[in-house]
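Take a look at the letters that make up each chain.
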Amino acid sequence: MNAEISAVWDKIQGMINGFIVLLPNIVLALIVFAIFFFVARTIKKVVKRLTRNRRQARNLGMVLGRLAQGTTILVGLFVALSIVIPTFKAGDLIQLLGISGVAIGFAFRDILQNFLAGILILLTEPFQIDDQIVFKNFEGTVENIETRATTIRTYDGRRIVIPNSELFTNSVTVNTAFDNRRLEYDVGIGYGDDIDRAKQLIMEAMHSVNEVLKDPAPDVLVMDLAESTVNIRARWWINPPRRADDLTSRDRVLSAIKKKLTENGIDLPFPTQQILFHDQTEETDGNRSRQREGWPSGKSEVPKSRRISDSLRQLAELRAQGNDNAKVHSQSTGDN
């Protein structure tokens with residue numbers, strides 16, 4: 001029993017002595033790793049600072065900064081491990097990572113997919129920070145593009161976090177991709193109004209708004225002969241193409257068009273329906289050439305509609321005739 005306790009104590013004492021021997025190396029390794037860590041953060045900040053004022057290189061700077069930071073930290077880890085374990089080689093860690101890489105890939109498949117998609121988005125730059133985009137039911141301004149997800153701020157002050165894999169594999173509308181943006185709106189005028197005159201008035205109304213660009217010039221097109229209106233499409237360009245400018249120009253253009261058309265007597269009708277009642281007298285029912293409403297009257301005389309009093313008189317006569325027939329029938333039965 002004493003021999004077993006002595007053996008255990010010797011092992012514990014040997015571990016303590018080994019730790020004491022390695023303690024200077026561990027402290028030195030921690031110091032070296034901390035130095036590499038702060039150097040990596042400094043490199044990232046320097047790269048971001050160099051590309052901060054360059055819109056086209058901003059996303060590329062973010063990618064290079066993060067890659068430089070990760071590479072520097074990985075090198076620091078190798079150096080620290082080699083200090084603690086002199087027999088350690090970088091190939092051993094690479095071999096270990098290769099063996100466990102398959103398991104890690106299956107366990108963190110979604111995370112790795114979003115990471116790779118984020119890198120590709122930052123490199124290809126389909127959109128950039130401060131761009132206004134539309135993705136499915138979400139619309140807003142891009143706040144940040146990270147390696148895992150992209151955050152956008154909606155126009156009503158909410159934040160949406162979208163995984164990069166969805167952004168990379170689905171369609172995204174970038175409203176601020178170009179300097180100019182075209183807006184349009186359909187205006188309905190009456191069928192009795194002069195189309196050319198209405199188009200001229202709409203053009204004058206659009207030219208009177210400061211937010212409407214002269215080049216490219218606005219235009220108007222007849223688009224549809226609808227049920228109750230002739231639809232004319234007004235199209236104009238704005239710069240810059242942001243959401244606030246869209247709303248401002250739309251408000252002023254539509255107000256100017258409404259005022260201009262009404263001042264010049266152009267009708268802006270709303271949908272209406274007309275109900276036609278057909279003459280359903282026995283004389284003309286089913287005869288399209290003689291019905292009073294809804295069908296062509298033809299060349300024959302158009303019959304007059306019956307009055308209610310005439311209909312009531314005819315109904316009374318029919319009832320009286322029915323009563324007389326009933327009396328006759330009863331008398332003939334009694335005689336028999």
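Provided above is the structure to which this section pertains.
Note that the coordinates shown come from a computational prediction; the quantities given were computed from them, not determined experimentally.

Q: So what exactly am I meant to see when it comes to the pattern of salt bridges here?
A: Taken as a whole and assessed by the stated rule, the structure comprises 13 salt bridges. Lys136 is paired through a salt bridge with Glu166; the nearest N and O atoms lie 4.0 Å apart. Pair noted here: Lys136 is in the loop between strand E1 (132-135) and strand E2 (138-145) and Glu166 is in helix H5 (residues 164-169), with a separation of 30 residues, a long-range link. Taking relative accessible area as the criterion, Lys136 reaches 53% and is therefore assigned exposed. Glu166 sits in the partly exposed class, given a relative accessible area of 32%. Close ionic contact of Asp219 with Arg235 constitutes a salt bridge, the shortest N to O distance being 2.7 Å. Taken together, the residues Asp219 in strand E7 (residues 219-225) and Arg235 in strand E8 (residues 230-238) connect sequence positions 16 residues apart. For Arg235, a relative accessible area of 18% gives the class buried.

Q: Is there a simple way to explain a nonpolar patch on the surface in this structure?
A: Taken together, the side chains of Leu23, Val27, Ile31, Ile35 and Val39 define a hydrophobic patch exposed on the protein surface, amounting to about 390 Å² of accessible area. Mapped onto the elements, Leu23 comes out in helix H1 (residues 2-50).

Q: Is there a simple way to explain the pairing of E8 in this structure?
A: With seven of nine residues buried, E8 is to be regarded as a mostly interior element. Across nine bridges, the pairing between strand E6 (residues 181-189) and E8 is antiparallel. Looking at E8, one finds that Arg181 is bridged to Ile238. Relative to E8, E7 runs antiparallel, the two being bridged by six bridges. When the sheet's bridge partners are listed, Asp219 is paired in E8 with Arg235.

Q: Please clarify how the sheet that holds E8 should be interpreted in this entry.
A: Adjacent strands of a sheet pair through backbone hydrogen bonds, lying either parallel or antiparallel. Spatially, the three strands line up as an open sheet ordered E6-E8-E7, and their pairing is antiparallel. A single partner strand is all that each edge strand has here, and the edge strands are E6 and E7. Between one strand axis and the next, the sheet turns through 25° on average, direction left out of account. Taken strand by strand, helix H6 (residues 195-207) contacts E6, E7 and E8, and its axis lies near 25° from that of E8. Where helix H7 (residues 243-263) meets the sheet, it contacts E6 and E8, and its direction lies at approximately 30° from that of E6.

Q: It is not clear to me how the packing of aromatic side chains should be interpreted in this structure. Could you clarify?
A: Aromatic rings considered in pairs are described by the distance between their centres and by the relative angle of their planes. According to the stated counting rule, one finds one aromatic pair in the structure shown. The interplanar angle of 80° and the centroid separation of 5.9 Å between the aromatic rings of Phe37 and Phe38 together place this pair among those described as edge-to-face. For Phe38, a relative accessible area of 51% puts it in the exposed group.

Q: I would appreciate a short explanation of the nonpolar core in the present structure.
A: It is characteristic of soluble globular proteins that their nonpolar side chains tend to be buried jointly. One finds Ile202, Met206, Ala234, Trp236, Val253, Ile257 and Leu261 to be the most contacted residues of the largest nonpolar core, which totals 21 residues. When sequence neighbours within four positions are dropped, the list of residues in contact with Ile202 reads Val187, Val220, Ile232, Ala234, Ile257 and Leu261.

Q: I tried to follow the pairing of E2 on my own but got confused; where do I start?
A: Note on strand geometry: in a regular strand, side chains alternate between the two faces of the sheet. Of the strand pairs in this sheet, E1 and E2 are connected by four bridges, and their pairing is antiparallel. From the neighbouring strand, Val134 faces E2, where its bridge partner is Glu139. Joining the antiparallel neighbours E1 and E2 is a turn of two residues, in which Lys136 adopts a positive phi near 55°.

Rules and cut-offs
- Residues numbered from 1 in each chain as written.
- Predicted model: local features only at pLDDT ≥ 70, side-chain atom pairs only at ≥ 80, totals over all residues.
- Heavy atoms only, no water.
- Salt bridge = Lys/Arg side-chain N within 4 Å of Asp/Glu carboxyl O.
- Helix = DSSP H or I, 4+ residues; strand = E, 2+ residues; numbered from the N terminus.
- Buried < 20%, exposed > 50% of the residue type's maximum accessible area, 1.4 Å probe, protein only.
- Patch = residues over 30% accessible without salt bridge, like charges linked within 9 Å, V, L, I, M, F, W, Y side chains within 5 Å.
- Areas by Shrake-Rupley, 256 points an atom, 1.4 Å probe, with all protein chains shown as cover.
- Pairing = 2+ DSSP bridges.
- Axes fitted to C-alpha atoms, helices over the stretch in contact; angles between N-to-C directions.
- Contact = heavy atoms within 4.5 Å.
- Phe/Tyr/Trp six-rings, centres within 6.5 Å; stacked < 30°, edge-to-face > 60°.
- Core = buried A, V, L, I, M, F, W, Y, C linked by side-chain atoms within 4.5 Å.

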